Amino acid sequence: MKQILIYMKKLILFCGLFVLLMSFTSFNYNSKKAFYGGFTSMTIDTLFNDRISIRAIVIDKNKVWYGGDNSRFGFYDLDKKEKFEEHIYRDTLKLEFRSIAQTSKDIFLLSVANPALLYSVSKKDHKVKLVYKEVNPKVFYDSMQFWNDKEGIAIGDPTEDTFSVIVTRDGGETWTKLLSDKLPTNAVGEAAFAASNTNIVIKGNDTWLVSGGKKARVFYSPDKAKTWKVVETPIVQGKQMTGIFTADFYDSKQGFIAGGDYDKPNSKINNKAFTKDGGKTWELIGQEMGFGYASCVQYVPGGNGREIICVGSEGIQYSQNGGENWTQLSTDSKFFTIRFVNRNTAIAAGYNKVVRLNFK
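As annotated in an unreviewed UniProt entry, the protein chain carries the name Glycosyl hydrolase, BNR repeat-containing protein and is attributed to Flavobacterium johnsoniae.

Thoughts on the overall build of the protein chain
The secondary structure content of the protein chain amounts to 1 helix and 28 strands. Buried positions account for 53% of the 360 residues belonging to the protein chain. Taking as baseline every contact in the protein chain between residues at least 6 positions apart, the subset at least 24 positions apart corresponds to 48%. As presented, the protein chain carries roughly 17,200 Å² of accessible surface, and 54% of it is formed by carbon and sulfur atoms.

Points about the sheet that holds strand 12 (residues 176-177)
Across the sheet, 4 strands lie side by side as 9-10-11-12; this open sheet has antiparallel pairing. Two strands lie at the open edges of the sheet, namely strand 9 (141-146) and strand 12, each paired on one side alone. Sheet topology note: the strand 10 (residues 152-156)/strand 11 (residues 164-168) ladder contains 5 bridges and is antiparallel. Pairing of isoleucine 153 across the sheet is with valine 167, part of strand 11.

Describing the pairing of strand 15 (residues 206-210)
The buried count for strand 15 comes to 5 of 5 residues, which makes it a mostly enclosed element. Of the two faces of strand 15, the one holding Asp206, Trp208 and Val210 and the one holding Thr207 and Leu209 are both buried throughout. Counted between consecutive antiparallel strands, the loop separating strand 14 (residues 200-203) from strand 15 contains 2 residues, among which glycine 204 sits at a positive phi close to 65°. Where strand 15 meets strand 17 (residues 217-221), 4 bridges bridge the pair, whose relative direction is antiparallel. Bridging across to strand 17, threonine 207 finds its partner in serine 221.

Thresholds applied
Think of each chain on its own: its residues are numbered from 1, step by step along the sequence as written. Owing to the predicted nature of the model, reporting of local features is limited to residues with pLDDT of at least 70; listing and counting of side-chain atom pairs is limited to 80 or more, with chain, interface and lining totals taken over all residues. The side-chain figures draw on all heavy atoms in the structure; neither hydrogens nor water molecules are used. The secondary structure listing takes helices from DSSP runs of H or I that are at least 4 residues long and strands from runs of E that are at least 2 residues long, numbered from the N terminus. Buried means the residue's accessible area, taken with a 1.4 Å probe over protein chains only, is under 20% of the maximum for its type, while exposed means over 50%, and partly exposed covers the values in between. Contacts were defined at the residue level, with two residues in contact if any of their heavy atoms lie within 4.5 Å. All accessibility values rest on the Shrake-Rupley procedure with a 1.4 Å probe; residue burial counts only the protein chains present in the view. Two strands form a pair only when DSSP identifies at least two bridges running between them.

Next up, the structure:
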């Protein structure tokens, strides 16, 4: 009996140590998994405050270039911690630049309304040159991107029955508007939103344009705007201020679109969708979760298409699982656009300020 009791005590001790060891191993595994899987905190450094509305930024090495309202553009030097700002005066017009893009030599700024004016700005000496002008009561350009140093594209609301699409093949020196018979027909009341310069997404030769209003669709070109296909999406649509406001692709297959109803900014239904097949099909995600109206979404670099940051009506939010669940990082709703410098650093801009976001 005594030997049996001794054996039982040893067995209980062994079992206890085994459970403790397994718990410790499991804790370490889960902790490493959580740490590896995403951010746990964020800090905000204000780069500058000003009375300006900024919806278009681009990162050029150590500089953050921006286009704003009241004919203003400029950059903030992250190394020197200095701001350079200039005006482009055109008669008595107060231009609003909501589209910005770059090549290795130049920055390009495109104003939204009639007349549409597209300028190149030399990165070297900041010399400004008008490279495209379009006069039309319906003209309104929303977004601009470059495929490479020679070829670029900008998208605007329809002036006829298709999107207004202009392209350059000579590095931005000249721009040509594509004929309507070369483009898919828009539905009546279907256009785009100049919310954050993210109506166009480019990966290699692949190009996606997104629409809103009466329809919320994705327009896809595999050959730099030469041919197009159109895909329906389940994003909320049917009203003037509903649809897709922003898009991003992690690679040629994984993409994310968001938006919602601008007039119902807290509605979290049918405002987020993802694709895993390059935009051929779209599936709703995160219903009743995270944000309502979204101004800009961006994939986190190195996040394998699982990590996404959103700025919009409910502040800054972050997802670690492709958009299913969201974590509130900031309640500041005055940011319109965001771009990553690297995995742990992003620049956000909006109403009266530009900030640096530090993720940990």
